[in-house]
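# Survey of secondary and tertiary structure
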Amino acid sequence: MQVIDKNKIVPLLDRLSKQSEVFVPTVKGSESGFYSWNSLNGAKEIALEALNVYHSPKNVLFPQTERMYSIEQGKQVFSIPDTFQDEKSRIIFGIRACDAKAITCFDDVFLTHGYEDSFYATRRKNTIIIGNACYQPGANCFCSSMGINPVQPDADVVIHDAGTVYAWEAITVTGQQFTEQVQDLLEEKDLGLPQLKPFSTEFDYDGVVEKLQGMFDHEIWHELAEPCMNCGTCTYMCPSCHCFDIQVKIWGDKGYRFRCWDSCMYTEYTAEAGGGNPRPDSQDRFRNRFLHKLEFFTERYDYPLCTGCGRCISVCPNGINIIDIIKRIKEVDKIV
Amino acid sequence: MCSCNCEQPLVPSIVEVIDIVDETPDVRSFYVKCSEGGVPYSVQPGQCSMLSLPAGEGMFSCTWQEGNEYQHYAIKKVGLLTEELHSIEIGQKLGIRGPYGNGFPVEACKGKDMLFIAGGIGLAPLRSFIKYCFKHRDDYGKIDILYGSRSYADLCFKDELFNLWPQEKNTQVYVTIDNAEPEWDGHVGFVPSYLEELNPNPNGKIAVTCGPPIMIKFVLQSLEKMGYIDDQVITTLEMRMKCGIGKCGRCNVGSQYICVDGPVFTRTQLRQLPQEW
Amino acid sequence: MTDITLKIREIATRLLQSDQVDVFVGWEKGPQEYQTRPFFVRRVEDVEKLVFNEYSIHNLTNYLLKYRDSTDRVGLVVKGCDSRGIVRLLQDNQFKRNRLYIVGVCCPGIKDPLKIAKNQSGLACPPNNEEIADKCTRCLVPNPIIYDELLGESQEPHNSGERFSEIKTIENMDPNQRYQFFEDTLTQCIRCYACRQVCVACNCRTCIFDEMKPQWVGRENSTTDNMMYHLVKAMHMAGRCIECGECERVCPVNIPLMLINSKLVKDMDHFFGSYEAGMEYVEGQKPPLSVYNPDDPDDFI
Ligand code: SF4
Ligand code: SF4
Ligand code: SF4
Ligand code: SF4
Ligand code: SF4
Ligand code: FES
């Protein structure tokens, strides 16, 4: 089996970041996230051995704010001089299975079903993903219940923490080519992989989608939604939430159109120009979030939009817990 | 030639406004074509385009596309962007991207009698289908058009409504306004009640309706009462849109995105969607 | 605190049984003790789930906004800081006093469940303080100032040291240094608006940040738009922030929002004082920035 010594991770990252922007799980101040290796000054606190980082790498492929094209305006004039395509080569190093699955969700959303989103496509095409297998699920992890194998992330290469070394496993053709480039840092070694520790929460997701179909008007939504203040934190921190808004910035005759993250938890999200809103109440918006994650996405793409990373559970200021919600849905009577 | 931006679906192409016509005090028609001539892409009846000024984008149903000559959008002033659109003049450049949505099932309706029921600006999308029927007149049976607005002044496309369409073969046009007016000697009352008065026989007929959500809800009820089965009833839904290509998330009703899976739905399909429209 | 829990249950039972309230808002224990969360009781059977414990940090008065358009009569539990939120809502005419039954709890200081949740989550981060929440160590008003019933032993203010000492440090920076400080801090903001959503003083029906006609503040996540957001928010908070600390608590990127709020509290008191928001409710009385006085000071403009 090929392995890389843990001491060689920093040289590896240094080398890779000469050609690509390399995003690595690191701690920065009171935050942790996938930060660009070159942008980190001084001592770099790599968090490959932590369960995961606070901010998922969704920003890498789907920046929170992204300029799409420039605009020029004048009397009766409207032109688009430039379209911004970000063709930089990128590496996401050390992504966990839950966050990698979220990228698979993004691939389905942005690249299939009739249209290919060119901005996402360009970035995605030039990105290599190195997964980091999880053997020790955390307190809020439930990826396995959502159909994800924590030790086999959707990635080009997967590394497995085996003490002083990482086992190195090339998965895709891209992963094999990538492995060749760094061959000199790898070595052959016989070793056993660790055992996956048990999850603190496991449940059977089978049947939840079918159960939810027809529960749209169920009274349980009122009870579940009542503590929610529609703050949107859960959607911003969620690796798989992909909603965006399109807006513009213009000074005088020049400007640009950009997109930025948005959330179905916000009133403004569905507010119509004429003043109407199909989801006027807090509860309507709450229900949309959970139904999108747990039912609608499966109806469209065949698997749920929640990857079980548990972040929303850790960040919700009002203790709303998606595992509890799934369990409640499983146990209530479908008929109101 | 295709001058649309298929490779970059979120980036508009530019068209020019070649004519502007006032339909009502708050509805204005815009005729657009590419500066080098022709239309940016071909739109089927019921499909939409994302039109833009530098300040913003908005989704509008194409009211009619005349061959490769021009596209026509009738736009009601309801918000920020539409207010700005109402202040532009002929020659203005607009951004455009599309075509979006599924459009009306013009093929599947061939051989059927058609009943069009519209309220207010709801006639704008239906008009593309109505004109399509007239263009292929022999493919469709009897055509009934029932249209209502708040007042006489608010009726769109008056010339067609009162002069052109009634002269088409085997066609009846019924117009109503909400409240009586001194100059008006036509029908007075809401669209759904006029519909029930007329009580058109459902046999071999397809009903297509579009208008304010509340009108649609009542029209659907009336049609059901009159014996129309779900597959005979077609409507269009409206939601706020941003991307138009099923990515940004906001136009969903259940698992359907109105921008790509709609805006046209049969009543049968509608029944499978949550009541969130 | 078990005493208080029991008393709260008693009161809730009484209020629901005698049909004095339609809903009673308190806390329940989550799957873990530290996951204590807001809880809404409509049936006497559920009263047993109510708790008051060291994690009852949430300012429940914000939920009153959910009921402002209904006719529901609401019973709720407030700590000292939260009770000032009620005064705000009453002063802003968002709620009628006679629809409220207020159970005040003299607050010994509480812990922040989010901090513990983060520590427990396994997500990489420097360890968070699991002791008394920061805001409680600065608290001057642990005892509710408006209530129908008061529980617990009266508490001394929990603050120690000089009030506004951090503010003074920032005031003493030179302008460039200070600008840099705020720029560095505020560029971290991800503009999720959670701080606005949980704020009881943010009770405008259409928030300026949702206003599109015109759009006052851009939605871009950039230094300019972020600074603009916080500047405008600060202006709107002046004289309204009741120092419950909820905004800072919920901010997913740990922006020290209370720093900005404290500065406003300090300046409000200095320029228009003596004044502290939400400290007493006198029917009809308006807070300083809700009225105009020709001789209002303007040298800070
Ligand atoms: S959810 Fe699964 S993949 Fe994600 S961090 Fe937890 S165990 Fe690892
Ligand atoms: S984080 Fe919690 S309170 Fe905020 S929107 Fe999400 S579920 Fe609601
Ligand atoms: S919904 Fe919550 S648990 Fe699921 S992927 Fe999003 S943040 Fe993670
Ligand atoms: S949950 Fe809401 S914000 Fe997240 S992807 Fe779905 S619709 Fe968008
Ligand atoms: S909660 Fe924090 S990140 Fe969110 S808008 Fe407020 S300051 Fe910014
Ligand atoms: S408008 Fe973006 S998904 Fe429909």
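This text gives an overview of the structure that appears in the document.

The rules we used
- Residues numbered from 1 in each chain as written.
- Chains lettered and ligands numbered in written order.
- Predicted model: local features only at pLDDT ≥ 70, side-chain atom pairs only at ≥ 80, totals over all residues.
- Heavy atoms only, no water.
- Helix = DSSP H or I, 4+ residues; strand = E, 2+ residues; numbered from the N terminus.
- Rg over C-alpha atoms; globule rule 2.2 N^0.38 Å.
- Buried < 20%, exposed > 50% of the residue type's maximum accessible area, 1.4 Å probe, protein only.
- Contact = heavy atoms within 4.5 Å.
- Areas by Shrake-Rupley, 256 points an atom, 1.4 Å probe, with all protein chains shown as cover.
- Lys, Arg positive; Asp, Glu negative; His and termini not counted.
- Charge placed at Lys NZ, Arg CZ, Asp CG, Glu CD.
- Axes fitted to C-alpha atoms, helices over the stretch in contact; angles between N-to-C directions.
- Parallel < 35°, antiparallel > 145°, perpendicular 65-115°, else oblique.
- Nonpolar A, V, L, I, M, F, W, Y, C, P; charged D, E, K, R; others polar.
- Buried area = accessible area lost by both parts, 1.4 Å probe.
- Salt bridge = Lys/Arg side-chain N within 4 Å of Asp/Glu carboxyl O.
- Pairing = 2+ DSSP bridges.

From N to C terminus, chain B includes 7 helices and 16 strands. Radius of gyration (C-alpha) of chain B: 18 Å, near the 19 Å computed for a compact globule of 277 residues. For chain B, the proportion of its 277 residues judged to be buried stands at 62%. Taking the contacts inside chain B whose residues are at least 6 apart along the sequence as the reference set, 68% of them involve residues at least 24 apart. Total accessible area on chain B stands at roughly 10,800 Å², and carbon and sulfur atoms take up 49% of it. Put simply, chain B has 25 plus and 34 minus side-chain charges, and the middle of one group is 4 Å from the middle of the other.

Residue and element names in this part refer to chain C. Closest axis-to-axis distance for the helix α6 (residues 175-187)/helix α8 (residues 223-237) pair is 9 Å, and the angle between their directions is 100°. Comparing the axis directions of α6 and α8 gives the class roughly perpendicular. Here Y179, F182, E183, L186 and T187 of α6 come into contact with α8, specifically with T223, N226, M227 and H230. Tallied by class, the residues present in the contact of α6 with α8 amount to 4 nonpolar, 4 polar and 1 charged.

A separate point is the interface of chain A and chain B. Contact residues are listed per partner, giving 48 residues for chain A and 46 residues for chain B. Buried area between chain A and chain B, summed over both chains or domains, comes out near 3,700 Å², and the portion from carbon and sulfur atoms is 54%. Linking chain A to chain B there are 4 salt bridges. Here D262(A) and R250(B) are joined by a salt bridge, their closest N and O atoms 2.3 Å apart.

All names here are of chain A. Strands sit in the order β7-β6-β14-β13 across an open sheet of 4 strands; the sheet is antiparallel. Unpaired on one side and paired on the other, β7 (77-79) and β13 (244-251) mark the two borders of the sheet. Between one strand and the next, the sheet's axes are offset by a mean angle of 25°, whatever the strand orientation. In the sheet, β13 pairs with strand β14 (residues 254-261) via 8 bridges, with the strands oriented antiparallel. For I250, the partnering residue across the bridge sits in β14 and is G255.

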